[in-house]
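Commentary on secondary and tertiary structure
These are the residues of each chain, in order.
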Amino acid sequence: MRLVDTHSHIHDPEFGRGPADADAAVARAQAAGVTLIVTLGVDRADSEAAVALAGRHPGAVLAAVGVHPHAAKDAGDDDLDALEALARDPRVALIGEIGLDFYRNLSPRDDQMRVMRRQLDTARRVAKPVAVHAREAHDEVLPLLAAWSREMGGRLPGGRPLGVMHYFSAGADHARRYIELGFVISVHTSVTHPKATQLAAVVRDTPLEHLVLETDSPYGAPQRYRGTRNEPAYVAEAAGRVAEIKGISIEEVAETTTRNAERLLGAGAMHESAVLQTARHARD
Ligand SMILES: [Zn+2]
């Protein structure tokens, strides 16, 4: 069984006691069948740290670079220019974490809008998908992404999705609209919580072809590990719950969501060529 954790923050010093701890988490994830982990930056320095961790785990960890809505007020043009340059690095799979958060409002709304718009421009110029954080802001995020989707022709080159709606927290109607715009929906490990009825309904009503999985570790541990630090190895808990809700096997959930994630991240071709090479080696 192969799994992908499409959203984590394992390079974050808050994840643990430093880089060695993140490396240990990658090893535990691999032992649990997680073949690929994305670690996302939330500002310029943090994005550089994400790329550095990806550099230590080629093929196993990919980075995302971006400014989180909480950090928008501190992001100047120089930071956004530097992030755009970093975004071209082959270890960078996504532009993120970007978005709008009108729940906590840790940055003024104008700053959040300015920084999100600018990063959508970056994503267009570097032709990479976005990882979107939207909290109590779907009335603003939907039209922004609709306009961007039109600009992008609804898909990235090669027919890849335009991005992922991370830690999806709206209803099934919203999910359908984002999917129509060219996005995939990310199911967080909190889907295992007994109170996650809205997310369970989204999982039930959304075809598996449009779903990917995530932990957002170190935050939001699944029910079985509640009260402890979340980590990429636990993405299997989300897969298990999705299987239960849809009445299908966990293997089918793992296989399909992994393929969806690889297409999103542009990692499928990478994986296929690795498999081909292995096959060729075996033959030679
Ligand atoms: Zn996050």
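Let us look at the structure shown here.

1. Concerning the coordination of the zinc ion
- All of the protein donors around the zinc ion are His7 (NE2), His9 (NE2), Glu97 (OE) and Asp216 (OD); their distances to the metal are 2.1 to 2.5 Å.
- Because the angles between the four donor atoms bound to the zinc ion fall within 84 to 173 degrees, the donor set is best described as irregular.
- If you list the donors of the zinc ion from N- to C-terminus, the spacing comes out as H-x1-H-x87-E-x118-D. Here histidine 7, found in strand E1 (residues 3-8), pairs with aspartate 216, found in the loop between strand E8 (211-214) and helix H8 (235-246); they are 209 residues apart in sequence, far enough to count as distant.

2. A few points about the pairing of strand E5 (residues 130-135)
- Burial analysis of E5 places five of its six residues in the buried class, which makes it a mostly covered element.
- Pairing of strand E4 (residues 92-101) with E5, which is carried by five bridges, proceeds in the parallel orientation. In the strand pairing of E5, isoleucine 98 is matched with valine 132.
- Taken together, E4, helix H4 (residues 109-126) and E5 form a β-α-β motif whose crossover is right-handed.
- Relative to strand E6 (residues 163-165), E5 runs parallel, the two being bridged by three bridges. Bridge pairing links alanine 131 to valine 164 in E6.
- At this point the chain moves from E5, through helix H5 (residues 138-152), to the parallel E6, and the crossover so formed is right-handed.

3. Brief notes about the packing of H4 against H5
- Relative to each other, H4 and H5 sit at 20 degrees, their axes nearing to 11 Å. As summarised for this structure, H4 and H5 are arranged roughly parallel, according to the angle between their axes. The handedness of the crossing between H4 and H5 is right-handed. Contact residues: H4 offers Met113, Met116, Arg117, Leu120, Asp121, Ala123 and Arg124, while H5 offers Val141, Leu144, Leu145, Trp148, Glu151 and Met152.
- Counted by class, the contact of H4 with H5 contains nine nonpolar, no polar and four charged residues.

4. Side note on the side chain of glutamate 214
- Inspection of the secondary structure puts glutamate 214 in strand E8.
- Engagement of the side chain of glutamate 214 in a polar contact is seen with the backbone nitrogen of tyrosine 167, the distance being 2.6 Å.
- At 2.7 Å, the side chain of glutamate 214 and the side chain of serine 186 are in polar contact.

5. Here's the deal with unusual backbone geometry
- Glycine 96 connects to glutamate 97 through a cis peptide bond whose omega is 20 degrees.
- With respect to the helices and strands, glutamate 97 occurs in strand E4.
- Residue serine 217 is joined to proline 218 through a cis peptide bond whose omega torsion reads 15 degrees.
- Note on placement: proline 218 falls in the loop between E8 and H8.
- Here the phi dihedral of tyrosine 167 falls at roughly 45 degrees; this positive angle occurs in a residue that is not glycine.
- Topologically, tyrosine 167 is positioned in the loop between E6 and helix H6 (172-181).

6. A short note on H4
- Taking 1.5 Å per residue as the helical rise, H4 with its 18 residues ought to reach 26 Å, and the 26 Å between its terminal C-alpha atoms agrees with that figure.
- When we look at burial in H4, the residues that qualify are Asp111, Gln112, Met113, Val115, Met116, Arg118, Gln119, Leu120, Thr122, Ala123 and Val126.
- The inward-facing, buried residues of H4 abut helix H3 (77-87), E4, E5 and H5.
- Looking one or two residues past H4, alanine 127 carries a phi angle of roughly 55 degrees, positive in sign.

7. Topic: the nonpolar core
- Formed by 76 residues in total, the largest nonpolar core has its most connected members in Val141, Leu145, Met165, Tyr178 and Phe183.
- Element by element, the count of residues in this core is highest for H5, at seven residues.
- Apart from the residues within four sequence positions on either side, leucine 145 is in contact with Met116, Leu120, Val132, Met165, Tyr178, Leu181 and Phe183.
- The next biggest cluster of nonpolar side chains, apart from the first, holds 16 residues, and it includes Val4, Ala64, Val184 and Leu265.

8. A look at the pattern of salt bridges
- According to the stated counting rule, one finds 20 salt bridges in the structure shown.
- Arginine 114 is paired through a salt bridge with aspartate 111; the nearest N and O atoms lie 2.9 Å apart. Here arginine 114 pairs with aspartate 111, and both are found in helix H4, just three residues apart, close to one helical turn.
- With a shortest N-O distance of 3.6 Å, aspartate 121 and arginine 124 are connected by a salt bridge. Placement of both aspartate 121 and arginine 124 in helix H4 is noted, with a separation of three residues, approximately one turn of the helix.

9. Comments concerning the sheet that holds E8
- Ordered by their spatial adjacency, eight strands build an open sheet running E1-E2-E3-E4-E5-E6-E7-E8, and the pairing between neighbours is parallel. Both outer strands of the open sheet, E1 and E8, are each paired with one neighbouring strand and no more. Each adjacent strand pair in this sheet contributes to an overall mean axis angle of 30 degrees, direction not counted.
- Here H8 sits on the sheet and contacts E1, strand E2 (34-40), strand E7 (183-188) and E8; the angle it forms with E8, its principal contact strand, is near 140 degrees.

So, how was this worked out
- Residues numbered from 1 in each chain as written.
- Predicted model: local features only at pLDDT ≥ 70, side-chain atom pairs only at ≥ 80, totals over all residues.
- Heavy atoms only, no water.
- Donors = N, O, S within 2.8 Å, 3.2 Å for Na, K, Ca; no water.
- Tetrahedral: all angles 85-135°; square planar, octahedral: opposite > 155°, others 65-115°.
- Helix = DSSP H or I, 4+ residues; strand = E, 2+ residues; numbered from the N terminus.
- Buried < 20%, exposed > 50% of the residue type's maximum accessible area, 1.4 Å probe, protein only.
- Pairing = 2+ DSSP bridges.
- Right-handed = clockwise from strand over helix to strand, strands pointing away.
- Axes fitted to C-alpha atoms, helices over the stretch in contact; angles between N-to-C directions.
- Parallel < 35°, antiparallel > 145°, perpendicular 65-115°, else oblique.
- Left-handed = near helix turned anticlockwise from the far one by under 90°.
- Contact = heavy atoms within 4.5 Å.
- Nonpolar A, V, L, I, M, F, W, Y, C, P; charged D, E, K, R; others polar.
- Polar contact = N/O pair within 3.5 Å; in protein donor to acceptor, adjacent residues only side chain to side chain.
- Expected span 1.5 Å × (residues − 1).
- Core = buried A, V, L, I, M, F, W, Y, C linked by side-chain atoms within 4.5 Å.
- Salt bridge = Lys/Arg side-chain N within 4 Å of Asp/Glu carboxyl O.

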